[in-house]
Amino acid sequence: MMNITFRQLRVLLAVAECRNITAAAHACHITQPTVSMQLKALAEEFGLPLHEVVGKQVYLTSAGEAVVQSALLLEKEMNYLEQTLNALKGHTKGQLRVAVVSTAKYFVPRMLGNFCKQYPEIDIAFEVLNRDGVVNRLKANADDLYIMSMPPSDMDLERHQFMENPLVLIAPLDHRFASRKRIKLDQIENEQFVLREAGSGTRMACNRFFEAHQLKPKIRLELGSNEAIKQAVAGGLGIAVISRHALNHQPASEGLVVLPVAEFPIHSNWWIIYPQGKRLSPIASVFFEHLQDWA
């Protein structure tokens, strides 16, 4: 049995994340010489160098990468054990990691706020990224739960639909169609569109919709955030498809109007997902139930 400690492994994980000895020492609340001593002890125990320093940058060796992967698994198991024991004691404390696509930031924080009131001892790491960023974290199994509208189809996932995500068509308040009660789909074909960037969940849903209805929209701008799109539309640069969750209850307060176009809103859903076979921690399970109850 190798004579290694969790403390040593946590130091190596900090070095792997920070890529700098000084920064790793700061993250672990220990001195720089202590970090170097722990790394040396680990390397001697494994019989192989685990890192090298080039300039001021730390690079892991192949052996170091292998140890880090196993250390991450051990850390997850220890966190799971700690949460399980706390649950048996009647306590709910520990850490929850959630990654969501950017549009979900309009409603997930409200869910988190209510959850934190119920469980004040839970620390939450909340990542808001574009769809590609969330998919990358999903592939790395970096979080407990993920929320998005268009889960990747090339991964084995547990998928749980929990809330509708209607995509509506918006225009500036002074648009020529703003006062219409009903608009035919073909009447918008010559409009200039402001759309989300390629690869986003909203854009993927739009592309499917346009293809299904044989529409070829004139795309004037592609933007990477809902806020930028709303500002562009309010400024008269075009019309846009956007999640209803990204709008205020009164869109007019943002200088926008939702157009009553036939076939809209585009049907979409929010999903809670995680890798198939993943064992949810007690805290993740409680939050999963909270999300479903809230929705």
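How each quantity is defined
Residues numbered from 1 in each chain as written. Predicted model: local features only at pLDDT ≥ 70, side-chain atom pairs only at ≥ 80, totals over all residues. Heavy atoms only, no water. Core = buried A, V, L, I, M, F, W, Y, C linked by side-chain atoms within 4.5 Å. Buried < 20%, exposed > 50% of the residue type's maximum accessible area, 1.4 Å probe, protein only. Contact = heavy atoms within 4.5 Å. Pairing = 2+ DSSP bridges. Helix = DSSP H or I, 4+ residues; strand = E, 2+ residues; numbered from the N terminus. Axes fitted to C-alpha atoms, helices over the stretch in contact; angles between N-to-C directions. Phe/Tyr/Trp six-rings, centres within 6.5 Å; stacked < 30°, edge-to-face > 60°. Salt bridge = Lys/Arg side-chain N within 4 Å of Asp/Glu carboxyl O.

In terms of nonpolar packing, the biggest core is built from 33 residues, with Leu96, Ala104, Phe107, Ile147, Phe162, Trp270 and Phe287 touching the most fellow members. Leaving out residues up to four positions away in the same chain, Ile147 has contacts with Ala99, Val100, Val101, Ala104, Val108, Phe162, Trp270, Trp271 and Leu291.

Let us now look at the sheet that holds strand β10 (residues 240-243). Read across the open sheet, the three strands follow the order β10-β7-β11; overall the sheet is antiparallel. This sheet does not close on itself; its edge strands, each paired only once, are β10 and β11 (256-258). Ignoring which end each strand starts from, the neighbouring axes of this sheet average 45° apart. Of the strand pairs in this sheet, strand β7 (residues 167-172) and β11 are connected by three bridges, and their pairing is antiparallel. Counted as the bridge partner of Ile170 is Val258 from β11.

A separate point is unusual backbone geometry. Note that the residue after Phe264, namely Pro265, is joined by a cis bond; omega there is 5°. By secondary structure assignment, the location of Pro265 is in the loop between β11 and β12 (269-275). Although it is not a glycine, Gln214 sits at a positive phi angle of roughly 55°. Position of Gln214 relative to the elements: it lies in the loop between α7 (201-212) and β9 (218-223). Overall, Gln214 belongs to the exposed group, its relative accessible area being 71%. A positive phi angle, close to 80°, is found at Glu263, a residue other than glycine. Residue position: Glu263 is located in the loop between β11 and β12.

Let's shift gears to the packing of aromatic side chains. Each aromatic ring pair is summarised here by two numbers: the centre-to-centre distance and the angle between the ring planes. What the rule picks out here adds up to six aromatic pairs. On the basis of an interplanar angle of 70° and a centroid distance of 4.9 Å, the ring pair of Phe115 and Phe287 is categorised as edge-to-face. Placement of the pair is Phe115 in helix α5 (residues 108-118) and Phe287 in helix α9 (residues 282-294), with a sequence separation of 172 residues. Both residues of the pair, Phe115 and Phe287, count as buried.

This part takes up the sheet that holds strand β6 (residues 157-164). The five strands lie next to each other as β4-β3-β5-β12-β6, forming an open sheet whose pairing is mixed. A single partner strand is all that each edge strand has here, and the edge strands are β4 (122-129) and β6. Looking at each pair of strands side by side, their axes are set apart by 20° on average, direction ignored. Relative to strand β5 (residues 145-148), strand β3 (residues 94-101) is paired through three bridges, and the arrangement is parallel.

In total, this model carries eight salt bridges according to the counting rule given. A salt bridge links Arg196 to Glu197; its shortest N-O distance comes to 2.9 Å. On the accessibility criterion, Arg196 (3% relative accessible area) is buried. One salt bridge connects Glu222 with Arg203, and the closest N-O pair in it is separated by 3.0 Å. In this pair, Glu222 sits in strand β9 while Arg203 sits in helix α7, placing the two residues 19 residues apart along the sequence. Look at the salt bridges and you will find they share partners, linking Arg97, Arg137 and Asp143 into a network.

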